[in-house]
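What follows is the residue order along each chain.
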Amino acid sequence: MKKMILLAAIMIGAMGMVFSSGYIGGSAILQRDTFEYDYGDYVFNQVGFAIGGAHYLSEEGIFGLGYHVGMGQSTPTLVTSLGTFEGEPEMVFNASLLAQLKFKLSETSSLETGLGYGLTGTGDTDSSEDIQIFYVSKIETKVGVLFAVSDTLLLGTGVKLGYPINVIDQKTTDSGTSSSTISFDNGFSVGGYLGLNLQY
């Protein structure tokens with residue numbers, strides 16, 4: 001986890017030096033990840049905070065890269081034919097890196113769209129204190145709007161949709177930790193964000 005955060009910080013700093021325009025800030029996020037596996041549907045409802053932004057190749061900002069790294073709380077839920085079973089709240093980690101396009105709507109607003117890679121890591125602790133963590137890799141899309149509050153501040157809001165392409169199940173017990181790639185049937189993620197950013 002520490003290596004991933006350090007790598008993200010290095011990437012953000014490098015993009016800020018290479019790209020001509022962009023913004024960075026913080027956002028409140030709501031997200032729901034779900035996939036069908038084993039006995040039923042695993043659902044992870046999440047609330048958290050993310051640091052992210054976007055960097056564009058030109059001052060006009062048409063082509064660029066968008067990213068976010070966030071943490072928060074997830075409520076794991078298993079939905080089966082026998083009923084719905086809700087677990088205790090757990091920590092959740094999520095991140096994304098998207099190729100983005102930005103279109104100017106007016107003097108004070110712009111539309112952003114993006115497509116790329118997203119990752120969610122969250123889990124569940126059972127009654128025996130065994131820990132199960134799912135790392136969900138997905139194709140992620142984004143549609144958002146930026147509003148200029150001032151010359152330096154941007155209000156950003158939008159939605160993200162994702163389709164899982166790989167799920168790793170990591171289990172930690174008294175005997176150790178093991179990981180395996182699971183076969184799941186269907187999955188989907190949807191989320192929204194609202195944040196304030198510093199533009200340059």
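So, how was this worked out
- Residues numbered from 1 in each chain as written.
- Predicted model: local features only at pLDDT ≥ 70, side-chain atom pairs only at ≥ 80, totals over all residues.
- Heavy atoms only, no water.
- Helix = DSSP H or I, 4+ residues; strand = E, 2+ residues; numbered from the N terminus.
- Buried < 20%, exposed > 50% of the residue type's maximum accessible area, 1.4 Å probe, protein only.
- Contact = heavy atoms within 4.5 Å.
- Phe/Tyr/Trp six-rings, centres within 6.5 Å; stacked < 30°, edge-to-face > 60°.
- Lys NZ or Arg CZ within 6 Å of the ring centre and 35° of its normal.
- pLDDT = per-residue confidence, 0-100.
- Pairing = 2+ DSSP bridges.
- Core = buried A, V, L, I, M, F, W, Y, C linked by side-chain atoms within 4.5 Å.
- Patch = residues over 30% accessible without salt bridge, like charges linked within 9 Å, V, L, I, M, F, W, Y side chains within 5 Å.
- Areas by Shrake-Rupley, 256 points an atom, 1.4 Å probe, with all protein chains shown as cover.
- Salt bridge = Lys/Arg side-chain N within 4 Å of Asp/Glu carboxyl O.

## So, the overall build of the protein chain
For the protein chain, the count of helices and strands is one helix and 10 strands. Ordered by position from N to C terminus, the α and β elements of the protein chain give α-β-β-β-β-β-β-β-β-β-β. Buried residues in the protein chain amount to 42% of all 200 residues. In the protein chain, the proportion of contacts linking residues at least 24 apart, taken out of those at least 6 apart, comes to 61%.

## Notes on the packing of aromatic side chains
Scanning the model with the defined rule gives five aromatic pairs in all. Members of the aromatic cluster, each reached through a chain of ring pairs, are F35, Y42, F44 and F134. Its guanidinium or amino end placed over the ring of Y56, K102 lies 4.8 Å from that ring's centre, counting from NZ or CZ.

## A word on the side chain of Q100
Checked against the element boundaries, Q100 lands in strand β5 (residues 90-104). Assessed through its relative accessible area of 4%, Q100 is described here as buried. Sequence-distant contacts of Q100, defined by excluding residues within four places in its chain, comprise A54, Y56, I62, F63, G64, L65, G66, E112, T113, G114 and K142.

## Some words on the confidence of the model for the protein chain
With 86% of its residues at a pLDDT of 70 or more, the protein chain has an overall mean of 84. Within the protein chain, the lowest mean pLDDT, 53, falls on helix α1 (residues 2-18), and the highest, 95, falls on strand β10 (residues 187-199).

## Re the environment of E140
Mapped onto the elements of the fold, E140 is located in strand β7 (residues 131-148). Accessibility expressed as a relative area gives 3% for E140, which makes it buried. In this structure the C-alpha to C-alpha distance between E140 and Y117, which are 23 residues apart in sequence, comes to 5.5 Å.

## Topic: the environment of A54
Counting through the fold element by element, A54 comes out in strand β2 (residues 40-56). Residues A54 and Q199, spaced 145 residues apart in sequence, show a C-alpha to C-alpha distance of 9.4 Å.

## Some thoughts on the pairing of strand β4 (residues 83-86)
Taken together, the four bridges between strand β3 (residues 63-80) and β4 define a ladder with antiparallel strand orientation. Counterpart to T80 in the pairing with β4 is G83. Taking the residues between adjacent antiparallel strands as the criterion, β3 and β4 are bridged by two residues.

## Describing the nonpolar core
Formed by F35, Y37, Y42, F44, L78, F134, V136, V167, I182 and F184, the largest nonpolar core amounts to 10 residues. Of all the elements in the fold, those that place two or more residues in this core are β1 (21-37), β2 and β7. Look past the residues within four positions of F44 in its chain and what remains in contact with it is Q31, R32, D33, F35, S74, T75, P76, T122, G123 and F134. Core analysis: the next-biggest nonpolar cluster, separate from the first, contains five residues, Y23, A54, Y56 and L154 among them.

## Quick notes on the pairing of β7
Of the strand pairs in this sheet, β7 and strand β8 (residues 153-173) are connected by 18 bridges, and their pairing is antiparallel. Residue pairing for β8: T141 is matched across the bridge by L161. Adjacent in sequence and paired antiparallel, β7 and β8 are bridged by four residues.

## Remarks on a nonpolar patch on the surface
A contiguous nonpolar patch, built from F147, V149, L155, L194 and L196 and spanning about 440 Å² of accessible area, is present on the exposed surface. Residue position: V149 is located in the loop between β7 and β8.

## Let's talk about the environment of G144
Mapped onto the elements, G144 comes out in strand β7. Sequence separation between G144 and G192 is 48 residues, and the spatial gap between their C-alpha atoms is 9.3 Å. Once residues lying within four places of it in the same chain are set aside, the contact partners of G144 are S110, L111, E112, T157, G158 and Y193.

## Observations regarding the pattern of salt bridges
Opposite charge on two side chains lets them pair, provided their charged atoms get close. Applying the stated criterion across every chain, the model contains four salt bridges. Of the charged contacts in the structure, one is a salt bridge between E140 and K160, with a shortest N-O distance of 3.8 Å. Residue E140 is found in strand β7, and its partner K160 is found in strand β8; the two are separated by 20 residues along the sequence. Per residue, the accessibility class of E140 equals that of K160, and both read buried.

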